[in-house]
Amino acid sequence: MRVFVQGIGVWAPKLPDWQTAQAVIRGDAALPEMAAKRPTGALLAANERRRAPDTVVLALEVAAAACADAALDPTLLPSIFASTHGDLSVCDSMSTTLAASPELVSPIKFHNSVHNAAVGYWTIATGAVEASTALSASNETFAEGLLEAAVYALSEHRPVLLVVYDIQVVGGLASVTKSDGLFGVALVIAPEADQRTKCQLDIDWVDLPASVAPEISCSPAEAAVSGNALAPMLPALERIARGDTRPLVLPLARHRGLSLVVEETTP
Amino acid sequence: MSQHNRTTAIAGARHARTLALTVQAFTATTAAGSGSGRLWDAVFNARSHLRVNDFTPTPVAAWIGRVPGLETAALPEQFAEWECRNNRLAWLALNEDGFIDAARTAIEHFGSRRVAVIMGTSTGSVGATEEGYARLTGAGSFPRDLLRPIVHTAHSLGDFVQHALGTSGPCVTVNTACSSSAKVFAQAERLIRMGVVDAAVVGGVDTLCGSVMYGFNSLQLLSPEPCRPFAADRNGISLGEAGGFALLSPAPAATEDKEAALSLTGWGESSDAYHMSSPQPDGLGAERAMLQALFNAGLSANAIDYINGHGTASLKNDEVEAAVVARNFPVTTRMSSTKGITGHALGAAGIVEAVISLLALQHDWIPGNVGTSIVDPLAAAHLALRGEANPMGHVLSNNFGFGGNNCALIFSKNGGVR
């Protein structure tokens, strides 16, 4: 299937936007020295920003950036959010409270603990009433999220917003989960090309002979997302940044994979 | 057959926009017991299976819908990696009503890569994570028996079901709170319509855990009594746990009785864009989802014989939902909530109530609204307080989740010919 990328948003502490990420990937610029702890949360009301969970400010940052890059009103777009582990910090906090004094669970922390909290905050902040979802597929989260976005765009004949994000693990969960730092990516995916289009994506399926490790990133951007649960999707951004048309295999479960080919759009 | 031809061929006279999918098999396990037979028995006989909360380690004044037998139903040895209460319920539910055999037959027929697995849950296996924190070692680690990463991540359920069935098609876990295992139907329809797969196993499993019991309690949304959906004196929800599955494909039903063929004929999805834990007061999001489902199915509102409401018995949901139904549907469209029987199964509510909708179609019976005596005037015109015998063609099922995530599904029998 063929879809078109209309807009891109990226955030990691040392990759605060897609422009910086492209420059670092291409080797045109070094990784910045300074690193923000987390995005500013500009979309949220001032009194919400400080308390908003990391996953929420991260997802909203890249979502807004992708919509701006696409010059598309967010209210027009169904939202497909996907995260490998969801908000590991809220989960750690809730679980710690439940283990010690369950009656002290806070209502706000509870509604922040649902996997669709980030997409909920996004639709509330933007007034977007179209369909929204929150997915997970373990190591295949980006691939399955991209598949759902492509299928939605093509079957419903409209652009959609895909947002993938993962944050660092803290506390007892670190004994079973590995993820470092903050990393979020958003893509506006459309079924047809127009003047906004940045590139086209050809998605197909492949059989893989055995358990195949994801392609390793080969750009200086890798250091900015190293250890994050979504780091394996970085080669997809590298293909886009470089206009690299070599097929990229995104492993799926059980000896299957998605093949992704990025090309410049033919008008 | 191309996607376009497939859609128009099946849409036929209904001018539907989406593909009608036959429900080849379905099952649900709830507080009423294992399998659809026990669930229907409770629905038909208007019997509540709620009990006083005996789940939490410290008192929380609530009634719950607890699935019997989970504590002793450990997973078979080959699934030890996925062992946890939630996946136990998934396995228990999968093995009822011949579902796993129907699924395996479809997988063999279409090929494992042509069958999708799309599962909904809200908390998934987080109960195991809570246990990990309760039993941290001196070094701050989970104890050895809980050092199983898959159980502590959001995709635990989808991953388990994929391994249990042996599929290699798309596999994802949907986690949108109370709409999760309704949205899986819509996602499957799009995948099949686009020709990515030929069939889908959809469903949901959610189990009681500390975070939902204490979390809902902190929001003051729990009733200290068995919930009373759409009642004038309702005062909150009763949580439940459940697991259920449905097998969807465009093929004609395998049953001999073609007239009894049950289909998913429409879905609608929307967001409230209003508040994380209260519905949009005018019900605009809920209405949008319901009207989109009708549009996708090519049906007008008066074609709907029965609405299985979200009907949680929260003050706000029932008020908003009743008003939306009253302004969009004629009084011949009957409505009830079945959460007074099973409790609110959260991420599994969608599949449970889809199964109840399918059973209602099969039996030509409108489920009664268990738990309620005094009906809220807002709901009175449509509410079926007691069950009603009624020839059934189309049923609408509502699911409205936290974060304002709405999904409405339409199921039909025999193409809607009563």
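Conventions we followed
- Residues numbered from 1 in each chain as written.
- Chains lettered and ligands numbered in written order.
- Predicted model: local features only at pLDDT ≥ 70, side-chain atom pairs only at ≥ 80, totals over all residues.
- Heavy atoms only, no water.
- Helix = DSSP H or I, 4+ residues; strand = E, 2+ residues; numbered from the N terminus.
- Rg over C-alpha atoms; globule rule 2.2 N^0.38 Å.
- Buried < 20%, exposed > 50% of the residue type's maximum accessible area, 1.4 Å probe, protein only.
- Contact = heavy atoms within 4.5 Å.
- Areas by Shrake-Rupley, 256 points an atom, 1.4 Å probe, with all protein chains shown as cover.
- Lys, Arg positive; Asp, Glu negative; His and termini not counted.
- Charge placed at Lys NZ, Arg CZ, Asp CG, Glu CD.
- Phe/Tyr/Trp six-rings, centres within 6.5 Å; stacked < 30°, edge-to-face > 60°.
- Lys NZ or Arg CZ within 6 Å of the ring centre and 35° of its normal.
- 1 Å grid on protein atoms, 1.4 Å probe; cavity = no way out; pocket = protein on both sides within 12 Å on 5 of 7 lines; lining within 4 Å.
- Points joined across faces, edges and corners; volume = space filled by probe spheres on them.
- pLDDT = per-residue confidence, 0-100.
- Pairing = 2+ DSSP bridges.
- Core = buried A, V, L, I, M, F, W, Y, C linked by side-chain atoms within 4.5 Å.
- Buried area = accessible area lost by both parts, 1.4 Å probe.
- Salt bridge = Lys/Arg side-chain N within 4 Å of Asp/Glu carboxyl O.
- Polar contact = N/O pair within 3.5 Å; in protein donor to acceptor, adjacent residues only side chain to side chain.

Observations concerning the overall build of chain A
Link 1 in the chain: Across its full length, chain A carries 9 helices and 8 strands.
Link 2 in the chain: Since a compact globule built from 267 residues should have a radius of gyration of about 18 Å, the 18 Å found for chain A is in line with a globular shape.
Link 3 in the chain: By the burial criterion, 59% of the 267 residues in chain A qualify as buried.
Link 4 in the chain: Long-range pairs, those at least 24 residues apart, make up 73% of the contacts in chain A with a sequence separation of at least 6.
Link 5 in the chain: Surface accessibility of chain A: about 10,000 Å² in total, with carbon and sulfur atoms responsible for 53%.
Link 6 in the chain: Computing the positive centroid from 18 side-chain charges and the negative centroid from 29, chain A places the two 4 Å apart.

Some thoughts on the packing of aromatic side chains
Here a ring pair, both rings aromatic, is described through the centre-centre distance and the interplanar angle of the planes.
Residue and element names in this part refer to chain B.
Link 1 in the chain: For the structure shown, the criterion picks out 14 aromatic pairs over all chains.
Link 2 in the chain: Within the aromatic cluster, the residues linked to one another by ring pairs are Phe79, Trp82, Trp91 and Phe160.
Link 3 in the chain: We note Arg190 situated over the ring of Trp267; from NZ or CZ to the ring centre the distance is 5.0 Å.

With respect to the layout of surface pockets
Link 1 in the chain: Its boundaries defined by the atoms lining it, the largest pocket holds a volume of some 850 Å³.
Link 2 in the chain: Every residue lining the largest pocket is counted, 34 residues in all, and those nearest its centre are A:Ser138, A:Asn139, A:Glu140, A:Pro214 and A:Pro251.
Link 3 in the chain: Among the secondary structure elements, those contributing two or more residues to the lining of the largest pocket are α7 (141–156) and β7 (248–251) of chain A together with α6 (156–165) of chain B.
Link 4 in the chain: In terms of residues, the lining of the largest pocket owes the most to one element, α7(A), which gives 3 residues.
Link 5 in the chain: In this structure, the second largest pocket occupies an estimated 610 Å³ of space.
Link 6 in the chain: Here the element with the most residues in the lining of the second largest pocket is helix α5 (residues 126–134) of chain B; it accounts for 6 residues.

Comments concerning the confidence of the model for chain B
Low-confidence regions, as indicated by low pLDDT, have predicted coordinates that should not be scrutinised in detail.
Residues and elements named next belong to chain B.
Link 1 in the chain: Across chain B, pLDDT averages 94, with 95% of residues at or above 70.
Link 2 in the chain: When the criterion is pLDDT under 50, residues 1–12 qualifies, and its contacts beyond four places in sequence or with other chains add up to 16 contacts.
Link 3 in the chain: Model confidence for the complex is summarised by a pTM of 0.97, with the ipTM given as 0.97.

Digging into the sheet that holds strand β3 (residues 63–65) of chain B
Residues and elements named next belong to chain B.
Link 1 in the chain: Taken together, the 3 strands give an open sheet; going across it, the order is β2-β3-β7, and neighbouring strands pair in mixed fashion. The sheet is open, and its two borders are formed by β2 (51–52) and β7 (239–240), each paired with just one other strand.
Link 2 in the chain: Pairing geometry for β2 and β3, over 2 bridges, is antiparallel. Residue Arg51 lies in a different strand from β3, and its bridge partner there is Ile64.

Concerning the nonpolar core
Link 1 in the chain: A:Phe142, A:Phe183, A:Ile189 and B:Phe185 are the most contacted members of the largest nonpolar core, which has 105 residues in total.
Link 2 in the chain: In terms of residues, this core owes the most to one element, α7(A), which gives 10 residues.
Link 3 in the chain: For A:Phe142, the residues in contact, after removing those within four places along its chain, are A:Leu162, A:Val164, A:Leu187, A:Leu230, A:Met233, A:Ala236 and A:Leu250.

Details of the interface of chain A and chain B
Link 1 in the chain: At the interface, 56 residues of chain A touch 63 residues of chain B.
Link 2 in the chain: Overall, the association of chain A and chain B removes approximately 4,800 Å² of surface from exposure, summing both partners, and the carbon and sulfur fraction of that is 62%.
Link 3 in the chain: The three residues of chain A that bury the most area against chain B are A:Phe110, A:Val176 and A:Arg254, which together make up 14% of that side's buried surface.
Link 4 in the chain: Along the contact surface separating chain A from chain B lie 5 salt bridges.
Link 5 in the chain: Along the contact surface separating chain A from chain B lie 23 residue pairs in polar contact (both at pLDDT 80 or more).
Link 6 in the chain: Put simply, the parts of the chain that give the side of chain A that touches chain B at least two residues each are α4 (88–100), α5 (107–112), α6 (117–126), β3 (132–136), α7 and β6 (199–207) of chain A.

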